[in-house]
Amino acid sequence: MKENEIKFKLRTNDDKVVEILAEVKDKKLYRMGKPILCNCSGNTQDTATPFIFEDGEVVCPECGRKSESVYSFEDYENSELSNIHLKYFGIDFVTMQELYKLSYTLPYEDWIKVSDLFMKLKPDMVDMGFFEPQYVGWVTSNPEEVEERLDIKPELRVNYIKEKQEQEQEQKQQEVMQLKDNLSSILEVFSIVDTPQIVDGKFELDGEVIDNPINPKNMYGGGEWFVISDDYIWYVRQNAREGDNWNLNNVYVKGSAGAIGKKVEYDRDLADKIRSFKR
Ligand SMILES: [Zn+2]
């Protein structure tokens, strides 16, 4: 379908419903260059009334006869047929080729363009003990050629989607690496400071709490987090499991046997790095 076209259904005088593809020009409808006419006022070009397309409906301005339904170019653009593409189906264990299936049934005129590239998997060709019954039907091992011939949208093509998924995965891996880098540089800062001792009770920390993204605080007495206050940044490791030496704990943790905390003076860069874990 083209942008200036609509498809509509019209009931004929002998009560049949016909589907018509029409070109729209200034509200008027044309089929193969000729106006589409209603015969309420006559049967000749001069006497019959041309249908018009208005407010989403095809209507005869003379007798008020209306289309049963209108299918616009917009509908077509959003339809499954317009967005047809190949979906990965499985491996052919004989040829070891990847097989693809169409996402939607093609109209006959399109199917004949590509039918030579498809083969039909029948139930006796696949191991039905292994495959579900839906793994039967028309498949192709030549997705690029099918996509070319059907002029499938570039963003729906097999290779494009594969590449995009690979890129996304690579980006995710890079983010994880970046996060690990950040974390190890932060922990390095704390590795060279001593654990401050407290004579009576424990430090009660007040500030912005941010979990270690790889080992967050958990309810089993473990996990690590940071506390950013105006004066200090604390690195806190919960040490409250059965078998942990609770005597080492210098930080109070509500509902827990406590944690071991180390602190450094507030540093803007360090705080920013830790805050990056919140995203
Ligand atoms: Zn009419």
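Residues numbered from 1 in each chain as written. Predicted model: local features only at pLDDT ≥ 70, side-chain atom pairs only at ≥ 80, totals over all residues.

Peer 1: I keep staring at the overall build of the chain and nothing clicks. Help me out?
Peer 2: Of regular secondary structure, the chain possesses five helices and 17 strands. Computed over its C-alpha atoms, the radius of gyration of the chain comes to 35 Å, more than 25% above the 19 Å expected for a compact globule of 279 residues. Structurally, the chain occupies a C-alpha span of about 105 × 55 × 30 Å along its principal axes. Scored against the burial criterion, the 279 residues of the chain give a buried share of 16%. If you take every contact in the chain between residues at least 6 apart in sequence, the share linking residues at least 24 apart comes to 42%. (Helix = DSSP H or I, 4+ residues; strand = E, 2+ residues; numbered from the N terminus. Rg over C-alpha atoms; globule rule 2.2 N^0.38 Å. Buried ≥ 20, exposed ≤ 12 C-beta atoms within 10 Å, placed from the backbone. Contact = placed C-beta atoms within 7 Å.)

Peer 1: For this particular structure, what's the right way to read the domain arrangement of the chain?
Peer 2: A common measure of how large an interface is: the accessible area buried when the components associate. Domain boundaries in the chain define domain 1 (5-77), domain 2 (83-158) and domain 3 (190-278). Averaged C-alpha coordinates put domain 2 and domain 3 at centres separated by 57 Å. (Domains from an automatic or database assignment.)

Peer 1: Honestly, the environment of D92 in this entry has me stumped. Any pointers?
Peer 2: Positionally, D92 belongs in the loop between strand 10 (86-91) and strand 11 (98-102). Residue classification places D92 among the partly exposed residues on the basis of 16 C-beta atoms within 10 Å. With 20 residues separating them along the chain, D92 and S72 place their C-alpha atoms 40 Å apart. Setting aside anything within four residues of it in sequence, one finds D92 in contact with Q97, L99 and S141.

Peer 1: Which parts of the structure should I look at to understand the sheet that holds strand 16 (residues 232-238)?
Peer 2: Remark on secondary structure: sheet strands pair via backbone hydrogen bonds, oriented parallel or antiparallel. With antiparallel pairing, four strands are arranged side by side in an open sheet as 14-15-16-17. The strands lining the two open edges of the sheet, one partner per strand, are strand 14 (208-211) and strand 17 (259-265). The mean angle between the axes of side-by-side strands here comes to 20°, regardless of whether they run parallel or antiparallel. (Pairing = 2+ DSSP bridges. Axes fitted to C-alpha atoms, helices over the stretch in contact; angles between N-to-C directions.)

Peer 1: What exactly am I supposed to notice about the environment of N249 here?
Peer 2: With respect to the secondary-structure elements, N249 resides in the loop between strand 16 and strand 17. When the 22 C-beta atoms within 10 Å are taken as the criterion, N249 is described as buried. Between the C-alpha atom of N249 and that of R237, which follows or precedes it by twelve residues, the distance is 9.2 Å.

Peer 1: Can you walk me through unusual backbone geometry in this structure?
Peer 2: A negative phi holds for most residues other than glycine; trans holds for most peptide bonds. With a phi close to 45°, D26 is a non-glycine residue in the positive phi region. By the secondary structure assignment, D26 is in the loop between strand 2 (17-25) and strand 3 (28-31). Its 6 C-beta neighbours within 10 Å are what place D26 among the exposed residues. In this structure, M96 is a non-glycine residue whose phi angle is positive, near 60°.

Peer 1: In this structure, what is going on with the nonpolar core? I would like to understand it.
Peer 2: One broad trend across soluble globular proteins is that nonpolar side chains are buried collectively. Counting residues in hydrophobic clusters, the biggest one holds twelve residues: L205, W225, F226, V227, I233, W234, Y235, V236, V251, V253, A259 and I274. By residue number, the principal contributor to this core is strand 16, which donates four residues. If near-sequence neighbours (up to four positions away) are discounted, V236 is found in contact with E224, W225, V227, V251, A259 and G261. Counting residues in each nonpolar core, the second largest holds eleven residues, with L10, A22, C38 and F51 among its members. (Core = buried A, V, L, I, M, F, W, Y, C linked by C-beta atoms within 7 Å.)

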